[in-house]
Amino acid sequence: MSKVHVFNAGPCLLPQQAIDSTIEALKDFKGTGISVLSISHRTKEWDQTMDECRALWKELLHIPDTHEVVFLGGGASLQFLYVAMNYLEKKAAYLDTGVWAHKALVEAQGIGEAYAIACSKDRNYCYIPKGFEIPSDLDYLHITTNNTIYGTEIRTDMDCPVPLIADMSSDIMSRPVDVSKYDLIYGGAQKNVGPAGVIFAIIRKDSLGRVSRHIPTMLNYKTHIDKLSMFNTPPVFAIYVMTETLRWIKDMGGVEKICEINEKKALTLYNEIDRNSMFIGTADKCDRSRMNVCFVMAPGHEDLQDEFLAFAKGEGMVGIKGHRSVGGFRASIYNACTQEDVEALVKCMQEFENMHK
Ligand SMILES: *Cc1c(COP(=O)(O)O)cnc(C)c1O
């Protein structure tokens with residue numbers, strides 16, 4: 001097969017190193033003679049993986065002792081419910097920056113009083129609202145740091161007068177994060193740190209227990225903190241692959257180094273979008289995501305969209321069709337995507353421009 005360049009939005013491209021270790025573990029998990037698919041989660045070998053996974057999360061993101069990290073099933077979408085169950089007592093605010101942010105808000109509204117503190121739907125979510133007032137009586141403010149569909153990102157850890165909760169599904173481990181500024185950071189692993197089937201939640205331990213409702217056992221973060229994510233059968237295979245992916249991040253020089261590489265990749269692609277007369281970016285420049293790069297055909301060239309998609313496909317580009325709500329193209333350049341992949345796409349765009357001169 002000829003070389004492909006994978007820009008899928010999720011599940012994401014994973015590093016080859018993690019895939020190779022996984023192939024070995026599928027045959028024989030840590031010399032047990034048992035596949036990782038059949039290993040009991042009540043073995044010391046599994047305990048080691050679980051401990052390693054937790055330790056890598058803490059090391060790579062410099063998670064302070066005030067916080068604990070747990071790994072659960074159900075997807076980031078179920079976390080929308082966890083958030084409201086565990087934190088919503090009187091009133092919560094949500095920054096509505098896209099479909100996922102909106103879904104999180106709607107889920108909370110099924111539990112209690114929650115509202116959009118600001119919203120960027122007026123321009124199809126192509127920017128991050130700024131300058132909104134945050135009332136001091138909120139239980140929390142919920143933000144979505146990277147808007148996977150629209151290619152916008154909140155890249156700084158804001159100072160927030162109320163507890164801050166963030167869905168970081170699609171930019172976790174792409175940049176250093178000041179975890180101490182958040183009561184909760186959560187997300188699905190499948191955008192940047194693993195395969196589908198596991199979520200991470202980094203929880204400030206003393207932020208729990210503030211609500212008066214009864215929280216069902218499985219939906220209570222405390223259950224999973226107390227049992228170190230082993231209250232019930234954890235998603236063993238997904239956690240294994242995530243651990244190997246984190247090992248790779250560490251081998252690459254950690255999140256700080258990965259962030260530098262990501263910045264260069266994003267700059268390379270955005271520079272081409274801004275230079276190339278055939279394409280324009282859709283997100284406001286100041287809010288551009290370093291993970292999901294969204295662009296469309298420039299005015300006057302709209303009819304060439306399908307032609308570019310076909311051309312790029314022929315050149316080995318996979319997954320660059322934009323989400324149906326934005327159209328055009330989206331290149332997701334998560335951690336495992338290389339500078340070489342990005343340059344292959346840039347070359348494609350340049351050739352396409354030359355073909356139509
Ligand atoms: C993909 C995505 C989700 C939903 O994740 P699931 O694990 O499929 O439920 C939520 N938030 C963001 C920002 C996402 O990109």
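(A) Region of interest: empty space enclosed by the protein. Within the structure shown, the criterion is met by 1 cavity of 30 Å³ or more. In this structure, the largest cavity occupies an estimated 30 Å³ of space. In terms of lining residues, the largest cavity is bounded by Gly98, Val99, Trp100, Ala101, Asn147, Thr148, Ile149 and Tyr150. Of the residues forming the lining of the largest cavity, the biggest block, 3 residues, is contributed by helix α4 (residues 99–109).

(B) Seen up close, the nonpolar core. Trp57, Phe71, Leu141, Met173, Val193 and Leu246 are the most contacted members of the largest nonpolar core, which has 58 residues in total. Sorting elements by how many residues they give to this core places helix α6 (residues 236–251) first, with 9 residues.

(C) Here's a closer look at the sheet that holds strand β12 (residues 292–297). Strand order across the open sheet formed by 3 strands is β11-β12-β14, with antiparallel pairing between neighbours. What marks the edges here is a single partner per strand, and that holds for β11 (279–281) and β14 (329–332). Averaged over neighbouring strand pairs, the angle between their axes works out to 35° when direction is ignored. Both β11 and β12 contribute to a ladder of 3 bridges, which runs antiparallel. Pairing of Gly281 across the sheet is with Phe295, part of β12. Packed on one face of the sheet, helix α8 (residues 305–314) meets β11, β12 and β14 and runs near 30° to β14.

(D) Just the site of the ligand, in detail. Lining the immediate environment of the ligand, one finds 13 residues, of which Ala76, Ser77, Thr148, Asp167 and Lys191 sit closest. One of the side-chain N or O atoms of Ser77 is found 2.6 Å from an oxygen atom in the ligand. Interatomic distance of 3.0 Å between a side-chain N/O atom of Gln190 and an oxygen atom of the ligand. Considered on its own, the ligand offers 380 Å² of accessible surface; in the complex 87% of this is hidden by protein. Of all the elements, helix α3 (residues 75–87) adds the most residues to the shell around the ligand, at 4 residues. For the shell around the ligand, a count of residues per class yields 3 nonpolar, 8 polar and 2 charged.

Cut-offs used in this document
Residues numbered from 1 in each chain as written. Predicted model: local features only at pLDDT ≥ 70, side-chain atom pairs only at ≥ 80, totals over all residues. Heavy atoms only, no water. 1 Å grid on protein atoms, 1.4 Å probe; cavity = no way out; pocket = protein on both sides within 12 Å on 5 of 7 lines; lining within 4 Å. Points joined across faces, edges and corners; volume = space filled by probe spheres on them. Helix = DSSP H or I, 4+ residues; strand = E, 2+ residues; numbered from the N terminus. Core = buried A, V, L, I, M, F, W, Y, C linked by side-chain atoms within 4.5 Å. Buried < 20%, exposed > 50% of the residue type's maximum accessible area, 1.4 Å probe, protein only. Pairing = 2+ DSSP bridges. Axes fitted to C-alpha atoms, helices over the stretch in contact; angles between N-to-C directions. Contact = heavy atoms within 4.5 Å. Near = heavy atom within 4 Å. Polar contact = N/O pair within 3.5 Å; in protein donor to acceptor, adjacent residues only side chain to side chain. Areas by Shrake-Rupley, 256 points an atom, 1.4 Å probe, with all protein chains shown as cover. Nonpolar A, V, L, I, M, F, W, Y, C, P; charged D, E, K, R; others polar.

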